[in-house]
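# Chains, contacts and geometry: an overview
The primary structure of each chain is shown beneath.
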Amino acid sequence: MKIKKAIIPAAGLGTRVLPASKAIPKEMLPLVDKPAIQYIVEEAVNAGIEEILIITNRNKTVMEDHFDRSPELEQKLAEAGKLDKLQIVVDVANLADITYMRQKETHGLGHAVLIARPFVGNEPFAVLYGDDVIVGKKPAIGQLCAAYEEYGLGVAGIKQVPEADIHKYSSLAVEPLHDRIFKVTDMVEKPQTPDEVLSLYSILGRCVLPPEIFDILATTPVGAGGELQLTDAMRTLTRTKGMMGVDYEGIRYDMGSKLGIMKASVEAALVHEEIKDDFRAYIKQLVKTL
């Protein structure tokens, strides 16, 4: 079944990147000239997703403004003859059919997905984590959607993480099938002891889920960090119906961390058509002085 709907949970407080996120949502931090949230929306659109729900909170209305029309700005650009910039502004507003829902209290990723139930209805859907920008030739979420269409099971986007960091993520028990596709047999959120670590594969940034996940979430107890963990619900799904994992192609940037933001910004500048040559020259000169 084709995946037509996607949820982007983007209501987190961004405490890891304070003070920048005190007044500016971390999802709006730019990579050169494009905010992180636009990369995520474009990924969904390029994967053929038709409807997108962004979960926000009361401090993030600027995201809605970004994807809305701006008549005053458009008029100014038109009058100044800056038609290329006018087209960019108009194209952003026409990217996708986007709706918004507020998560009035931040109770975790699982809670954010659960409140999206009226939007999703009774069909499979994609989840693109608002902290994760993934850049590659193929849309990462599109690779997961293809696996869902092939196997008819929930799909987690997975990557290996350093052993020293596995306690910050989930840990999955996986069996390789072919290419970059795995069968997932178990998972645990934020393992705290070595015996809880199932492998160094973790869910990073993307998943595709069947509608059954909502009933599971509704009865899942609060987990790590005192929050409703989506991973806990997916663990139940894995043990009852089964799940797949896709080691997706693409580079993931953690936009909830200072280092992740800097890596994404530098690498975006290195391929940006307008500034890449000058920026590369700057980096080379900078390295000589260090």
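Quick note: structure is the one above.
For the structure given in this document, a descriptive report is provided here.

## As for the overall build of the chain
When you go through the chain residue by residue, the secondary structure sums to eleven helices and 13 strands. Here the C-alpha atoms of the chain give a radius of gyration of 20 Å, agreeing with the 19 Å that 2.2 N^0.38 yields for 290 residues. The C-alpha extent of the chain, read off along each of the three principal axes, is 60 × 50 × 35 Å. Here the chain, with 290 residues, has 46% of them falling under the buried criterion. Surface summary for the chain: the accessible area is close to 14800 Å², and the carbon and sulfur share equals 54%. Within the chain, one finds 34 positive and 41 negative side-chain charges whose respective centroids are separated by 3 Å.

## So, unusual backbone geometry
With an omega of 10°, the peptide bond running from leucine 18 to proline 19 counts as cis. Within the secondary structure, proline 19 sits in the loop between β1 (5–9) and β2 (30–31). With phi around 65°, valine 32 is a residue other than glycine that occupies positive phi space. Note on placement: valine 32 falls in the loop between β2 and β3 (34–35).

## Concerning the packing of aromatic side chains
Counted by the stated rule, this structure contains three aromatic pairs. Ring geometry for phenylalanine 125 against phenylalanine 214: centres 5.2 Å apart, planes inclined by 15°, an arrangement best described as stacked. In this pair, phenylalanine 125 is assigned in strand β6 (residues 125–128) and phenylalanine 214 in helix α8 (residues 213–218), connecting sequence segments 89 residues apart. Like phenylalanine 214, phenylalanine 125 is buried. Judged by centre distance (6.0 Å) and plane angle (40°), the ring pair of phenylalanine 279 and tyrosine 282 falls under tilted. Of this pair, phenylalanine 279 and tyrosine 282 are both found in helix α11 (residues 276–289), three residues apart, which corresponds to roughly one turn of the helix.

## Comments concerning the pairing of strand β11 (residues 201–209)
In terms of burial, β11 is a largely internal element, nine of the nine residues being buried. Bridging between β6 and β11 involves four bridges; their strand directions are antiparallel. Along β11, the bridge assignment pairs alanine 126 with valine 208. Inspection of the sheet shows strand β8 (residues 154–160) paired to β11 by five bridges, in the antiparallel sense. Residue pairing for β11: valine 155 is matched across the bridge by valine 208.

## So, the pattern of salt bridges
Taken as a whole and assessed by the stated rule, the structure comprises 20 salt bridges. In this structure, lysine 34 and glutamate 42 form a salt bridge, with 2.9 Å as the shortest nitrogen-oxygen distance. Where salt bridges share partners, they join Arg16, Lys26, Glu27, Lys60, Asp131 and Asp254 into one cluster.

Thresholds applied
Residues numbered from 1 in each chain as written. Predicted model: local features only at pLDDT ≥ 70, side-chain atom pairs only at ≥ 80, totals over all residues. Heavy atoms only, no water. Helix = DSSP H or I, 4+ residues; strand = E, 2+ residues; numbered from the N terminus. Rg over C-alpha atoms; globule rule 2.2 N^0.38 Å. Buried < 20%, exposed > 50% of the residue type's maximum accessible area, 1.4 Å probe, protein only. Areas by Shrake-Rupley, 256 points an atom, 1.4 Å probe, with all protein chains shown as cover. Lys, Arg positive; Asp, Glu negative; His and termini not counted. Charge placed at Lys NZ, Arg CZ, Asp CG, Glu CD. Phe/Tyr/Trp six-rings, centres within 6.5 Å; stacked < 30°, edge-to-face > 60°. Pairing = 2+ DSSP bridges. Salt bridge = Lys/Arg side-chain N within 4 Å of Asp/Glu carboxyl O.

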